[in-house]
Amino acid sequence: VKLRALVRLPSRIGWRDHVIGASLALAYFVWLLATARSLGFPRDEGMYFHAATDYVGWWRSLLDHAQDALKQSAIDGAFTDNHEHPVLMKTLFGVSWWILHEKWGLVKDASTAFRIPAMLVAGIGLWTTYLFGARAWSRRAGLVAAVLLGLMPAVFFHAHLACFDVPIMTMWILCVYVHWRAQETRSLGWALAVGVVFGLALETKHSAWFLPAVLVPHALFIQRREILRALRVGRVSIPASVVSMFVVGPIVFLALWPYLWNDTLARVQWWFEFHLNHEYYNIEYLGRNYFGPPSPKSYVPVMVLATVPTVTIVLFGIGAVERAANGARRLAHWGKRVLRIDGGTAWTNWWSDFVSGASSDRRETDLLLLLSLAAALSPWLRAKTPIFGGTKHWLTAYPALALFAGRGFDLVTAAMGRALPRLDPRRWLAAEAGLFASVVAAPLVVTVHSHPYGIAAYVPLVGGTAGGATLGLNRQFWGYTSQNAAEEYLNEQAPRGASVFIHDTTWDAWARMQQEGRVRKDLRATGAPNDGQIALVEHELHMNEVDYSIWTAFGSVTPVYVVLHDGVPMVSIYRRP
Amino acid sequence: VGILELGAHVVQTHGAVDTADWHAARDYVASQAKPDDLVTFAPRWVDPVGREQLGPALATLEREARPDETRFPRAFEVSIRGEHDPLLEGWRQSAEQRFGRVTVTTLENPSPVHVLDDLVSLVNGQRMQASRVDGDRVSDCTFTHAGTQSGGLGAGPALPADRFVCAAGGFVAATVAADLDYRPRRCIYAPPPGGHSFVRLRFLGVRLGTSIHGHHGLYVEAERNKTGSPVTITFRVGDAVVGSVVHHDGDGWKPFEFDTRALAASASKNDQGVPQVDLVADIESANGERRMYCFEADTR
């Protein structure tokens, strides 16, 4: 009886929900960990491995020789590397590598040890999403939202990497959630937590710059009455969470980034300018290579539709439309009150009926999620914003998208209940499980199948990977597929000691793949096709020129092997005749 | 929707082409295609697989990096997923064979032309001379055989082992360049030095017909920013100008055509009675900065 009471979920969201969220997080982490070795190293990840090693070295020297470590020369020596990005995740990567791989030897691959913090943080993203959904609408909605978030091929791909895109997705939704809780509870603890989490988000990636655009209007709207009341008596009332965000947030941010402890203003200014004037890289979209402004306005909607499972989008649509309708009713209700509209005519009667269904929410969840979506997506709608990172730059929008999808699932379940009113509890449970399976099955299968080509994976709506290629959508970037070339051809077929033109793969990444036994150790990397006995081309539209250089260098247009995903070329391998 | 999506995924991921289908298509094309025919693949992204599976005898450099389709009397389009090469639109279909998931469509060119001489094929020490002209001073470029020179992204077209090396700087060679649409173009790489200097190419014993037909462009990364000086190519026979055309950044792989009927009528004839001349091409630009220029031309 005690066990049953322990397992039974009370209506109030509590510790049991944290157990559910943590279980989701753990399951996702284990899945990511189990599949990590089959994913090569993108260019950026190699740089972060390097920086992480430098950073953790500095922290160790701080423990051993604090005075020396705190000198500017020591700080700059360690933190100048990759100083265009803040250090939270890189420090965690380094700590994980140092403890789990170097010191304790628990994790065999150094790369996996570097990646573990990002994978854990991805799990926390699902945990937070579950809690958010459970508190906002229902446990069912939270569960579906968290699962659908994890089952987006792009999220799954980036969640493996020792990079910042999924960590900032998690920090974003965590910050929004903590802020939401702060508005609900009005407690000092939650308000302080907003500042801390915002600081951590800033320390994760510059995408956090946009969080105030979500949190400030929401807090002001929620506390509008208090603010107006205070203004009437000549006082200024600012929500505590907002104060915390702008006071505690920057303190946390600066405290965790030693590079900013000297020349602070100049270095912060440089950080802003670097990202506001970021150079453009190449990326293919609808068969055209974009390498500068203007970026196509259709990029975000088309790429979201082409990469997020369609059932998730449909559920999002159902949930979002229902919430929008409720918002419209509330607006109409407000208008009715302000305009003093009473019944009498057909039109006013309709209006009265329309507003009667409006439900209010003092946490203004719909507004918050709408702002979260808008702030995460809108920078990528600007013509001047570079789009080279594909969907990874707006992963921060996906928790809100998934939460609306969770709400959509609630509505579909309710509709099923209305359609099948006479089902006994056991059959109802089976029907609900079947509905859940019907929603989750496609995203699960599509995501599993996408690995390790998550960037090349497009959803069935656009014809899958082959459909994406036909549409002229980007297949990969940053040269991580040389590992697949090794697995499928080089390790078995390359002559002993052969020189290999490694194309877009970095030297560091190649060396690490050799250290970890992913690529044969005797193969020698070269930086020019004419120096290689073997040459790789990782297929992207703008990389065609490298393909043609190999034709000339090798005197042949015939690859000896092509690495495919669903029949679509990922890497061509040439061998000097 | 979820079930439909799952079903579509299963269908789409089981649509990959068997090697046996490719090989059957290869055997069919090998039995049918003549050296003048085009062999092409659709959709465009399947080209690497097509080259791998059909092999170098069918997927040749000349077919892959063709200047355009006009010179081919017939095309074998090897396609999957029901796709077609849009560049062959308007060609008449004369046959279609299916080999599992691979379809070979035979298409007839509605207005084929006969190429007399392809200038790209004349880039060698016997049929072409190259020189750099700096004001009054003409310095010859030597035809050499050295190691190939190539790089990664942004390095420009690779230089083949056989190339003209100019003492005053620069190279001339037949190579493959990526045009503005990232298509491969087999062409004569002849970057103009800029200012008052220019590159002069003399093609020896070129057979003349009704026209000189060609294309020119710059390596994609040299022209896509549209900041470079225009490049002019002028064709001459003796003192007579055959034609001149300017390439501006952003023009891409730009076609040109000059009427040579009058010139052919007055030219000396070879043993077969075909008019034959030494054709000169001068390539110049006001500024040589990143003028990674490439052109192709034929007489027809």
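This one's a predicted model, so the numbers in the text were calculated from it and none came from an experiment.

## Details of the nonpolar core
(1) Moving on: The biggest cluster of nonpolar side chains holds 175 residues, and the ones touching the most others in it are A:Phe132, A:Val176, A:Tyr398, A:Leu490, A:Ile573, B:Trp22 and B:Val78.
(2) Moving on: Broken down by element, the residue count for this core peaks at 14 residues, all from helix α7 (residues 110–136) of chain A.
(3) Moving on: Not counting chain neighbours up to four residues away, the residues in contact with A:Ile573 comprise A:Ala485, A:Tyr489, A:Leu490, A:Ile534, A:Ala535, A:Leu536, A:Pro559, A:Val560, A:Tyr561 and A:Val563.
(4) Moving on: One finds A:Leu541, A:Ala553, B:Val123 and B:Tyr293 within the second-largest nonpolar core, a separate group that totals 65 residues.

## Concerning the sheet that holds strand β1 (residues 38–42) of chain B
Residues and elements named next belong to chain B.
(1) Moving on: The strand order β1-β2-β4-β3 describes an open sheet built from four strands, whose pairing is mixed. Of all strands in the sheet, those with a lone pairing partner are β1 and β3 (92–99), marking the two edges. When the angles between neighbouring strand axes are averaged without regard to direction, this sheet yields 20°.
(2) Moving on: Relative to β1, helix α3 (residues 47–54) is tilted by about 130°, and along the sheet it contacts β1 and β2 (74–80).

## Some remarks on the sheet that holds strand β7 (residues 568–575) of chain A
All names here are of chain A.
(1) Moving on: The five strands lie next to each other as β4-β3-β5-β7-β6, forming an open sheet whose pairing is mixed. With partners counted over all chains shown, the strands left at the sheet margins are β4 (524–526) and β6 (561–565), one partner each. The mean inter-strand angle of the sheet, taken between neighbouring strand axes irrespective of direction, is 25°.
(2) Moving on: As judged from the five bridges shared by strand β5 (residues 534–538) and β7, these two strands associate in the antiparallel manner. Each bridged residue has a counterpart across the sheet, and for Ile 534 the counterpart in β7 is Arg 575.
(3) Moving on: Packing against the sheet, helix α25 (residues 544–554) makes contact with β3 (499–501), β5 and β7, and its axis sits at approximately 165° to β5.

## A short note on the environment of A:Asn530
(1) Moving on: Following the sequence through the fold, A:Asn530 ends up in the loop between β4 and β5.
(2) Moving on: The spatial distance from the C-alpha of A:Asn530 to the C-alpha of A:Ser549 is 8.8 Å, given a sequence separation of 19 residues.
(3) Moving on: Not counting the four nearest positions on each side in its chain, A:Asn530 is found in contact with A:Ala553, A:Arg576, B:Thr148, B:Gln149 and B:Ser150.

## What about the packing of helix α10 (residues 165–185) of chain A against helix α12 (residues 212–222) of chain A?
Two measures define how a pair of helices packs: the angle their axes make with one another and the distance between the axes.
Residue and element names in this part refer to chain A.
(1) Moving on: Two elements in contact, α10 and α12, have axes whose closest approach is 11 Å; the angle formed by their N-to-C orientations is 15°. The orientation of α10 with respect to α12, classified from their angle, is roughly parallel. Of the two elements, α10 crosses α12, and the hand of that crossing is right-handed. Of the residues in α12, those touching α10 at Trp 172, Cys 175, Val 176, His 179 and Gln 183 are Val 214, Leu 215, His 218, Ala 219 and Ile 222.
(2) Moving on: Within the contact of α10 with α12, the residues separate by chemical class into seven nonpolar, three polar and no charged.

## Notes on the interface of chain A and chain B
(1) Moving on: In this assembly, 53 residues from chain A lie in contact with 51 residues from chain B.
(2) Moving on: Contact between chain A and chain B buries roughly 3,800 Å² in total, counting both sides, with carbon and sulfur atoms accounting for 63%.
(3) Moving on: When residues of chain A are sorted by the area they lose upon contact with chain B, A:Glu545, A:Tyr548 and A:Thr552 head the list and together hold 16% of the total.
(4) Moving on: Where B:Arg51 meets A:Asp547, a salt bridge forms, and the shortest distance between an N and an O atom there is 3.6 Å.
(5) Moving on: Summed over the shared surface of chain A and chain B, the result is 16 residue pairs in polar contact (both at pLDDT 80 or more).
(6) Moving on: For the side of chain A that touches chain B, the elements supplying multiple residues, two or more each, are α17 (310–339), α21 (425–450), α22 (464–471), α25, β6 and β7 of chain A.
(7) Moving on: No other element matches α25(A), which puts nine residues into the side of chain A that touches chain B.
(8) Moving on: Class assignment for the residues of the side of chain A that touches chain B results in 30 nonpolar, 19 polar and four charged.

Parameters and conventions
- Residues numbered from 1 in each chain as written.
- Chains lettered and ligands numbered in written order.
- Predicted model: local features only at pLDDT ≥ 70, side-chain atom pairs only at ≥ 80, totals over all residues.
- Heavy atoms only, no water.
- Core = buried A, V, L, I, M, F, W, Y, C linked by side-chain atoms within 4.5 Å.
- Buried < 20%, exposed > 50% of the residue type's maximum accessible area, 1.4 Å probe, protein only.
- Helix = DSSP H or I, 4+ residues; strand = E, 2+ residues; numbered from the N terminus.
- Contact = heavy atoms within 4.5 Å.
- Pairing = 2+ DSSP bridges.
- Axes fitted to C-alpha atoms, helices over the stretch in contact; angles between N-to-C directions.
- Parallel < 35°, antiparallel > 145°, perpendicular 65-115°, else oblique.
- Left-handed = near helix turned anticlockwise from the far one by under 90°.
- Nonpolar A, V, L, I, M, F, W, Y, C, P; charged D, E, K, R; others polar.
- Buried area = accessible area lost by both parts, 1.4 Å probe.
- Salt bridge = Lys/Arg side-chain N within 4 Å of Asp/Glu carboxyl O.
- Polar contact = N/O pair within 3.5 Å; in protein donor to acceptor, adjacent residues only side chain to side chain.

The values are spatial; any link to function lies outside them.
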